[in-house]
Each structure stands twice: as structure tokens, then as C-alpha cells.
Amino acid sequence: MKRVFLPIAAFISVLVFWDYYVTLNDVPKFVLPPPLSIWAALLENVPLWIDASGATLWVTLQALLAAIVSGVLLALTFSLSRTFEATVYPFAVVLQVTPVVAIAPLVLIWVGIDNAERAQVIIAWLVAFFPILANMSAGLKSVDANLSDLFKLYGATPLQRFRLLLWPTAQPYLLASLKVSGGLALIGGVVAEFVAGSGTSTGLAWRIIEAGNRLQIEKMFAGLLLLAVMGMLIFYGFTLLEWYVTRRHRG
Amino acid sequence: MLQVRDLSFGYGGGVTVLDALSMDIAEGDVVSLLGPSGCGKSTILRVIAELLEADEGDVTWQNIPELAFVFQDPALMPWATVDENVQLPGRLKGKIDKKAVQDAMAAVGLSDMGHRFPAQLSGGQRMRASVARALAANPKVLLMDEPFAALDEILRFQMNELLLDLKKQRGLSILFVTHSLYEAAYLSDRVLVMDRGQIKGEVKPDLDRGTNAQDQRASGAFTSAVAAIAALMAEGS
């Protein structure tokens with residue numbers, strides 16, 4: 001109960017203090033709007049926010065799905081060949097450590113300025129991919145050596161080995177990485193929209209830029225609030241999935 | 001039943017683990033391998049089970065029997081119930097023998113625990129589940145690598161009794177690696193003392209299996225066997 005109540009109480013306290021502070025000090029709206037005007041900006045144009053959230057979420061989910069498929073497959077290939085892993089892994093690290101903002105314009109040039117959405121997905125994928133690869137690889141390496149010997153002793157086929165041993169062993173690692181990569185895909189999607197533009201559908205990042213250019217700071221905050229909510233939903237969604245799937249491991 | 005001749009095995013960098021080791025195991029015998037850490041006890045089990053390939057020498061079976069392996073660590077799948085763990089050998093071989101699974105669970109006293117997950121079992125119950133999984137493969141030969149080393153003394157005694165019962169009921173041959181000379185003396189028909197990859201000598205504890213466990217452990221034959229094993233281990237070290 002405390003785990004739910006305390007964060008909510010803290011959040012409400014911050015809002016109350018925020019409102020009190022800006023009212024008492026007459027802080028201009030274009031510097032820090034009061035919480036209620038942010039709420040009003042949100043309610044003022046619900047369809048617009050729904051469209052923008054949908055566009056950002058769609059990019060995030062596509063990137064995340066691509067990251068899961070590619071990360072898992074590459075990690076599996078690594079587990080089959082250590083030589084391949086030693087050859088390819090450094091490239092994955094390079095992709096991870098190079099700032100995505102620096103790569104984004106290049107991606108946009110390669111896919112074409114008319115394909116901004118595709119560029120967004122690729123950029124978000126670049127950010128989300130590595131934690132999945134790294135965790136899945138670690139998961140596949142963490143197979144119990146004795147269990148592995150038993151599978152050998154009882155003549156397991158490669159498919160049985162994967163289905164009954166490797167996949168269940170690596171699952172908690174994969175699920176833990178999804179909590180990180182889900183958030184990163186969202187961040188990647190937003191950064192991509194900042195850099196690559198909005199394409200045919202306008203996402204939250206573009207709405208934030210637009211509001212900033214017009215000095216509609218309460219709208220900027222409304223966009224940020226939606227991004228934060230989306231990030232939280234992704235994180236806690238995966239936390240719930242992890243809890244559900246790994247409940248057997250805990251007994 | 002099993003003949004091992006001039007078996008050698010080493011890891012890279014010139015580390016010799018087994019050095020032209022030879023031994024014979026007769027059907028229905030419990031044979032313990034005893035010796036200091038790194039003397040090759042576990043390696044010999046793994047070579048016999050073909051989990052490792054020997055550099056030289058032969059392992060010859062009279063008739064290739066069904067083998068099962070029990071490790072020091074219960075090595076259960078934490079995501080699977082006890083039932084699913086015990087069914088593993090059958091599942092991997094393409095056919096689950098439900099009766100063998102039920103019998104194995106009953107033999108180790110876990111019949112009503114099949115729906116539980118390993119995390120819901122005590123240390124002793126996990127080891128029983130591990131033994132049940134081995135039994136579910138309907139083995140003729142049980143290879144056991146320090147299976148009870150992590151258990152407390154009371155549990156270890158219980159597991160020792162369980163093992164002797166299983167041997168009697170199922171006519172198992174057991175090759176048993178242990179660090180405990182008391183355990184080796186109590187369980188075994190023959191105790192092979194190993195040192196630096198070779199068999200250094202052999203002791204045959206002559207316990208009266210007709211008497212109860214307490215009497216056997218208090219008997220002169222048990223004390224003599226322990227003393228003989230200790231003397232053999234101390235020899236030349």
C-alpha cells in the first residue's frame with residue numbers, strides 16, 4: 001500500500017507547492033505555468049493530444065519490436081558461434097556508444113527526407129537494440145552447466161535445448177532489458193522526431209517544439225506530461241509482464 | 001559390467017586430470033570414489049557419461065546400460081514444477097513414462113509435491129527431486145557427483161538410507177563421488193581412493209546390511225573401514 005500511496009502523496013505535494021509558488025511570486029506563464037493551466041491545455045484539445053500520443057507510441061512500439069526481434073536473433077547467433085560474437089559485438093557497442101543525435105541526421109539522409117517516420121523508427125531502434133542484445137547474450141550464457149550436461153546426457157535435440165533450456169533461462173534477462181529498452185525506444189523516438197521532423201503524422205515531440213516556438217509553455221508541459229505518462233506505462237507494463245512470467249522462478 | 005582401462009584426460013596447458021586410470025565396476029555394486037579436490041573424481045564420472053571425451057583409454061560396457069547423473073547441485077529447472085523436472089529425461093527422449101515418473105516421485109517421498117516449484121522446496125526436498133529425475137530415466141547405473149555434500153548431517157543420513165533402499169529395490173549400480181570417508185564407508189561395497197588422477201588403493205567395507213543403520217555405523221567393521229580409508233588417503237601425502 002505504501003508503495004502506491006507514498007509516490008502519489010509526493011506527486012500531489014509537488015503540484016500544490018508548484019501552484020502556491022507561481023501564484024505567490026507572480027511567475028509569468030511563459031516561464032512556469034501553474035499546474036491547472038497545463039491541465040487545461042491538455043483538455044482543450046484532447047483529439048490533438050490523442051493523435052500525437054498515438055503517433056509517438058506507434059514509432060516507439062515499431063522500434064521496440066524491431067529491437068526485440070533483432071536483439072534476440074543476434075544474441076542467439078552469438079551463442080552458436082563465439083567467433084561471430086567476437087567479430088560483430090564491437091560494432092554493436094559502437095552503435096550504442098555513439099550519441100544518437102549525431103547519427104540521426106545521417107539516418108535521415110540515407111532513408112530520405114520524405115521517409116521521416118521510417119527514420120524515426122530506425123533511430124529509436126538504434127537506441128533500444130543494445131540492452132536487449134547485451135542482456136539476452138548474458139542470459140544465454142547463464143545456463144546452468146549441470147542442466148546443460150543433463151540435456152546432453154539424455155540426447156536433447158538443438159530445438160529441445162532451445163525451447164526447454166536456453167529460452168526459459170534467458171527469459172528473465174530479456175524481460176529486465178525490456179524495461180530499459182522500452183523507455184529508450186520512447187526517448188529515441190522523441191529525439192528522432194526532434195531531428196528528423198514529424199513526417200505525415202505529428203508526434204508529441206513535434207507538438208512540444210511547436211508549442212515552444214509559440215511560447216505556449218503550458219502546452220509544452222502538457223506534451224511532456226504525456227511523454228512521462230507514456231514512459232511510465234511502458235516501464236510498469238513490462239514490470240508487470242516480468243513479474244507474471246518469472247513468478248514460476250520465484251515459486 | 002564396466003571396464004575402464006588406461007583412461008587419460010587433461011585440460012590445455014599440460015594439466016593432467018586422469019592419468020592412465022583403470023578400474024572395474026561389477027553389476028549391483030555401490031562404488032565410491034574418494035580423494036582430495038582436483039584428483040579427477042568428478043572427471044571420471046563425466047568421461048563415463050560421455051560428457052567429456054578422454055584423451056586416451058577405453059570405457060567398455062558389457063551391455064550399454066541406461067545411465068543417470070545426479071550432481072552436487074540439484075540442477076532443477078526453476079521455471080518448471082517438480083513433476084515437469086522429473087519428466088525431463090522422458091520428454092527429451094520423446095516419450096514420458098508416467099508410471100516411471102510416479103514411481104520415482106513415490107520412491108523419494110515427493111508424491112504430493114509434484115505441483116510445487118523448486119523455490120518452494122527445502123534443500124533436502126530439492127535433492128530428492130533431483131534423485132527422482134534420475135530414477136525416472138529407469139537407469140541401471142547411477143552416477144552421483146557429491147550429491148549430498150551441501151546437505152546437513154541429518155539430511156545426509158536420510159539420503160544415504162534412501163540411496164541404499166533404492167539400490168536394493170531397483171538393483172542399481174552406483175558410482176558415487178564423495179569427500180566424506182564416513183559416507184563412503186557406510187554406503188559402499190568398494191571404496192576407491194584416488195590421488196593425482198590414479199586409483200591409489202581400494203577398501204571393501206564389510207558391513208552387516210542385515211542390521212539397522214545405527215548398528216552398522218557403530219560396528220567395528222565400519223570403524224575399521226573408515227580407519228583403512230583414512231590410512232590409504234594419508235599414504236604418501
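Residues numbered from 1 in each chain as written. Chains lettered and ligands numbered in written order. Predicted model: local features only at pLDDT ≥ 70, side-chain atom pairs only at ≥ 80, totals over all residues. Heavy atoms only, no water.

S.K.: So what exactly am I meant to see when it comes to the confidence of the model for chain B here?
M.R.: Close inspection of predicted coordinates is inappropriate in any region flagged by low pLDDT. Residue and element names in this part refer to chain B. On average, chain B scores 90 in pLDDT, and the residues at 70 or more come to 99%. For chain B, the element scoring lowest by mean pLDDT is helix α6 (residues 153-170), at 86; helix α2 (residues 82-86) scores highest, at 95. Taken over the whole predicted complex, pTM reads 0.83, whereas the ipTM for its chain interfaces reads 0.88. (pLDDT = per-residue confidence, 0-100. Helix = DSSP H or I, 4+ residues; strand = E, 2+ residues; numbered from the N terminus.)

S.K.: Honestly, the pairing of strand β3 (residues 30-34) of chain B in this entry has me stumped. Any pointers?
M.R.: Along any regular strand, the residues point their side chains to alternate faces of the sheet. Residue and element names in this part refer to chain B. Among the five residues that make up β3, five are buried, leaving the element largely enclosed by the rest of the structure. The alternating pattern of β3 places V30, S32 and L34 and V31 and L33 on opposite faces, both of which are buried. Here β3 runs beside strand β8 (residues 190-195); their pairing, made up of four bridges, is parallel. Residue pairing across strands places L33 opposite L192, the latter belonging to β8. (Buried < 20%, exposed > 50% of the residue type's maximum accessible area, 1.4 Å probe, protein only. Pairing = 2+ DSSP bridges.)

S.K.: What should I look at first to understand the interface of chain A and chain B in this one?
M.R.: It is common to report an interface's size as the accessible area lost on association of the parts. Counting from both sides, the interface comprises 20 residues of chain A and, opposite them, 27 residues of chain B. For chain A, the biggest contributors to the area lost against chain B are L153, Y154 and R248 of chain A; these three give 34% of the whole. In this assembly, chain A and chain B are joined by one salt bridge. Put simply, R46 of chain B and D149 of chain A hold a salt bridge, and the shortest N to O gap is 3.4 Å. Where chain A touches chain B, the interface holds five residue pairs in polar contact (both at pLDDT 80 or more). Those elements giving two or more residues to the side of chain A that touches chain B turn out to be α7 (145-153), α8 (158-196) and α11 (247-250) of chain A. (Contact = heavy atoms within 4.5 Å. Buried area = accessible area lost by both parts, 1.4 Å probe. Salt bridge = Lys/Arg side-chain N within 4 Å of Asp/Glu carboxyl O. Polar contact = N/O pair within 3.5 Å; in protein donor to acceptor, adjacent residues only side chain to side chain.)

S.K.: Explanation requested: helix α4 (residues 98-107) of chain B in the structure shown.
M.R.: Side chains of residues three or four places apart in an α-helix project in the same direction, reflecting 3.6 residues per turn. All names here are of chain B. The set of residues buried in α4 consists of A100, V101, A104 and M105. Viewed along the axis of α4, the buried residues span an arc of 130°, placing them on a single side of the element. With respect to the buried face of α4, the exposed residues turned more than 90 degrees away are K98, K99 and Q102. Structurally, α4 contributes buried residues whose contacts are with α2, α5 (123-136) and α6. The opening residue of α4 is D97, an N-cap whose side-chain oxygen sits 3.2 Å from the backbone nitrogen of K99. G109 occupies a position one or two residues after α4 and carries a positive phi of about 75°. (Arc of directions from axis to C-beta.)

S.K.: How should the packing of helix α6 (residues 116-141) of chain A against α8 of chain A be read in this particular structure?
M.R.: In a packed pair of helices, the relevant descriptors are the angle between the two axes and the axis-to-axis distance. All names here are of chain A. Contact geometry of α6 with α8 gives a least axis separation of 7 Å together with a crossing angle of 155°. Viewed along their axes, α6 and α8 adopt a mutual orientation that is roughly antiparallel. Crossing of α6 against α8: the hand is right-handed. The residue makeup of the contact of α6 with α8, split by class, is 23 nonpolar, eight polar and one charged. (Axes fitted to C-alpha atoms, helices over the stretch in contact; angles between N-to-C directions. Parallel < 35°, antiparallel > 145°, perpendicular 65-115°, else oblique. Left-handed = near helix turned anticlockwise from the far one by under 90°. Nonpolar A, V, L, I, M, F, W, Y, C, P; charged D, E, K, R; others polar.)

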